[in-house]
Amino acid sequence: MQDVRHNVRELIRPSKEEWASLPRRRSGVRPTLLAWLLGLLTVGGAFVADRGWEETPLGWEESLLPVNVFGGMVTNTSILMVVLGWSLGRRLPFASAALLGTCAVAYASVGAASTTAWAAGAVLSAVLATAELVSSPPQLREIRELSARLRDGMTTVVGEKAFLAERRELALGWWVAFGLACVSAALWAWFAADWTTARATTPPSDRESFEPNEAVFALAATLLLAVFCGKAAHRWWVHRYARQFVWIVPGSGGPVWAQGLDPSYGGKLEPKESDAPGCTCDEETERRDPEYEESPVGYVLLDDYCAAHGIDTVNAMNHDAFRAIARSAWLWDESSRVPQTKDDVIASSTGLLAFAGHVFGGIPVKRDARGMDAVDPSVGKAEELKQSDQDIPAWNEPKFLPPTEQGILDTIDLAPAGLTGTAVRYRHGRAWLRTDGP
Ligand SMILES: [Zn+2]
């Protein structure tokens, strides 16, 4: 009994409008660019305020003082962040607020002229970080509210492959954090040994100052560690609530995207349909992709010359026979939509296990005999879509526009089958769906 309950998740079935109403985040380019420019201006401003070009190198004894060692470390890490901070993305404002704030304290303690510059940079970075913090809860709040409103007691059994994929995706963040913890520990140990050795050494004859470069990287790695731990902990917290649901996704248009999330395009075959007598689609799929075992989205590619699913078969059907199976994806061009009823949308939809917006896109699951499961344990989580993104990412957009009027064989009104739209059949291709809507 315990085992069964462990596999059961509640179904959340939003309408297309409700799914599309979930807010998307803005692109992260602007906050990243602002934080990066702010870091650059702060480091530059501090250099000017302290008249850095007149600075004479510290003597050996002076350079071993903790205030100079740590002051130099935070300053150089700030410079490193200006160079490499871009890669931190949305997390840059948090890292720079912490780092510039530490610099401000370090410079204030020696009464340096640049204290104001460091403090101003730290405060403005903190403002950016706060803006970033308040921009993400609305999405999570609306996801939570919608799931609370749509809970209706419907449940599904979720298969082991989906749970494996979920565990792997969640563990990824902690592995990165673990790796960074090891790197930081090693670099700090190196720095400690370096400093101890230097203090036991008599001043070198050329009077060069003590400059532990490894400390700069140690601090940067520790900062990254804090950022990644914060991210993983936040995800763990949000996931605790989200994991009890499977969202049935009514097509594209929501805040995340995954392969197979919008099943409404043609040009593919359900695996069970490839059992039809005379079907050569499996062979075609294997010919096109020799390493093919199972298509990642659970579909078989079509052979245009297949006796059961070829173009000639599509075009040889009389109108009634075509209407009767009009909802089969293999009749349609891979860039054409497939006519669907509302029930179809629910039955053929992909689900997202533990969907939590930008924090965790959810593991795509499909219906199977027992309930819902991922096609493969290696399937990745759904990707976040930003406000500026297309509903269907460019790399997966339909490749062709509908063909011209040339080559049309005939048109079939689908209304008698209870579907909206008209099928347009072509002599040398699969059918296209023509609707008044988009
Ligand atoms: Zn076939």
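What comes next concerns the included structure.

## Observations concerning the overall build of the protein chain
Then, number 1: When you go through the protein chain residue by residue, the secondary structure sums to 14 helices and 13 strands.
Then, number 2: The buried share of the protein chain, reckoned over its 438 residues, is 35%.
Then, number 3: Sequence separation of at least 24 residues holds for 76% of the intrachain contacts in the protein chain that already meet a minimum separation of 6.

## What about the sheet that holds strand β12 (residues 422-426)?
Then, number 1: With antiparallel pairing, the three strands of this open sheet are ordered in space as β11-β12-β13. Here the strands that pair on one side only, and so sit at the sheet edges, are β11 (408-413) and β13 (429-434). For this sheet, the mean angle separating the axes of adjacent strands, direction not counted, is 20 degrees.

## Quick look at the environment of cysteine 281
Then, number 1: Turning to its location among the elements, cysteine 281 is positioned in helix α11 (residues 281-288).
Then, number 2: As a C-alpha pair, cysteine 281 and tyrosine 305 span 24 residues in sequence and 8.7 Å in three-dimensional space.
Then, number 3: Apart from the residues within four sequence positions on either side, cysteine 281 is in contact with Leu269, Ser274, Val300, Leu301, Leu302, Asp303, Cys306 and His309.

## A closer look at unusual backbone geometry
Then, number 1: Despite not being glycine, alanine 354 has its phi angle at roughly 60 degrees, a positive value.
Then, number 2: The topology assignment puts alanine 354 in the loop between β7 (351-353) and β8 (363-367).

## Some words on the nonpolar core
Then, number 1: Counting 36 residues, the largest nonpolar core has Leu99, Leu100, Cys103, Trp118, Leu219, Ala221 and Leu224 as the members making the most contacts within it.
Then, number 2: Residue assignment for this core shows that the elements contributing at least two residues are α3 (29-49), α5 (66-84), α6 (92-109), α7 (115-135), α9 (160-200) and α10 (213-242).
Then, number 3: Setting aside anything within four residues of it in sequence, one finds alanine 221 in contact with Leu180, Val183, Ser184 and Leu187.
Then, number 4: Counting residues in each nonpolar core, the second largest holds 32 residues, with Ala242, Trp247, Phe360 and Ala382 among its members.

## Quick word on the sheet that holds strand β3 (residues 245-248)
Then, number 1: One open sheet accounts for six strands, arranged β2-β1-β3-β7-β8-β9; its pairing is mixed. Each of the sheet's edge strands pairs with one partner strand only, and the pair in question is β2 (155-157) and β9 (372-373).
Then, number 2: Alignment of β8 against β9, held across two bridges, turns out to be antiparallel. Among the inter-strand pairings, lysine 366 is bridged to a residue of β9, identified as aspartate 373.

## Description of the packing of α3 against α5
Then, number 1: The N-to-C vectors of α3 and α5 enclose an angle of 140 degrees; their axes lie 9 Å apart at closest approach. Of the possible angle classes, the one that applies to α3 and α5 is oblique. Both α3 and α5 take part in a crossing whose hand is left-handed. Touching Gly39, Leu40 and Val43 of α3 are Ser78, Ile79, Met81 and Val82, all from α5.
Then, number 2: The residue inventory of the contact of α3 with α5, partitioned by class, reads five nonpolar, two polar and no charged.

## As for the pairing of β3
For a regular strand, side-chain orientation follows a simple rule: the groups alternate between the two sheet faces.
Then, number 1: Neither face of β3 is open: one carries Phe245 and Trp247, the other Val246 and Ile248, and all of them are buried.
Then, number 2: Across three bridges, the pairing between strand β1 (residues 8-12) and β3 is parallel. Bridge pairing in β3 links isoleucine 12 to tryptophan 247.
Then, number 3: Judged from the three bridges that link them, β3 and β7 form a sheet pairing that is antiparallel. Bridging from a neighbouring strand, valine 246 pairs with leucine 353 of β7.

## Regarding the packing of α5 against α6
Then, number 1: With their axes 9 Å apart at the nearest point, α5 and α6 run at an angle of 145 degrees to one another. Between α5 and α6 the crossing geometry is left-handed. Counted together, Val67, Phe70, Gly71, Val74, Thr75, Thr77, Ser78 and Met81 of α5 and Ala95, Ser96, Leu99, Leu100, Thr102, Cys103, Ala106 and Ser109 of α6 form the full contact between these two elements.
Then, number 2: Of the residues assigned to the contact of α5 with α6, the class counts are nine nonpolar, seven polar and no charged.

## What to know about the environment of leucine 302
Then, number 1: Summarising the element assignment, leucine 302 is placed in the loop between β6 (300-301) and α12 (311-316).
Then, number 2: Look at leucine 302 and you get buried, because 24 C-beta atoms sit within 10 Å.
Then, number 3: Along the sequence, leucine 302 and glutamate 284 sit 18 residues apart, while their C-alpha atoms lie 6.9 Å from each other.
Then, number 4: Ignoring anything within four residues of it in the chain, the contact list for leucine 302 reads Gly267, Lys268, Leu269, Cys281, Glu284, His309 and Trp330.

## Looking at the environment of arginine 425
Then, number 1: Within the secondary structure, arginine 425 sits in strand β12.
Then, number 2: Each C-alpha atom, one on arginine 425 and one on threonine 411, is 6.1 Å from the other, the two residues being 14 residues apart in sequence.
Then, number 3: When neighbours within four sequence positions are excluded, arginine 425 is seen to be in contact with Val314, Asn315, Leu409, Asp410 and Ala431.

## Examining the pairing of β13
Then, number 1: Summarising burial for β13: five of the six residues are buried, a large majority.
Then, number 2: Pairing between β12 and β13: four bridges, direction antiparallel. Along β13, the bridge assignment pairs tyrosine 426 with glycine 429.
Then, number 3: Turn length for the β12-β13 hairpin, with the two strands adjacent in sequence and antiparallel, is two residues.

Conventions adopted
- Residues numbered from 1 in each chain as written.
- Predicted model: local features only at pLDDT ≥ 70, side-chain atom pairs only at ≥ 80, totals over all residues.
- Helix = DSSP H or I, 4+ residues; strand = E, 2+ residues; numbered from the N terminus.
- Buried ≥ 20, exposed ≤ 12 C-beta atoms within 10 Å, placed from the backbone.
- Contact = placed C-beta atoms within 7 Å.
- Pairing = 2+ DSSP bridges.
- Axes fitted to C-alpha atoms, helices over the stretch in contact; angles between N-to-C directions.
- Core = buried A, V, L, I, M, F, W, Y, C linked by C-beta atoms within 7 Å.
- Parallel < 35°, antiparallel > 145°, perpendicular 65-115°, else oblique.
- Left-handed = near helix turned anticlockwise from the far one by under 90°.
- Nonpolar A, V, L, I, M, F, W, Y, C, P; charged D, E, K, R; others polar.

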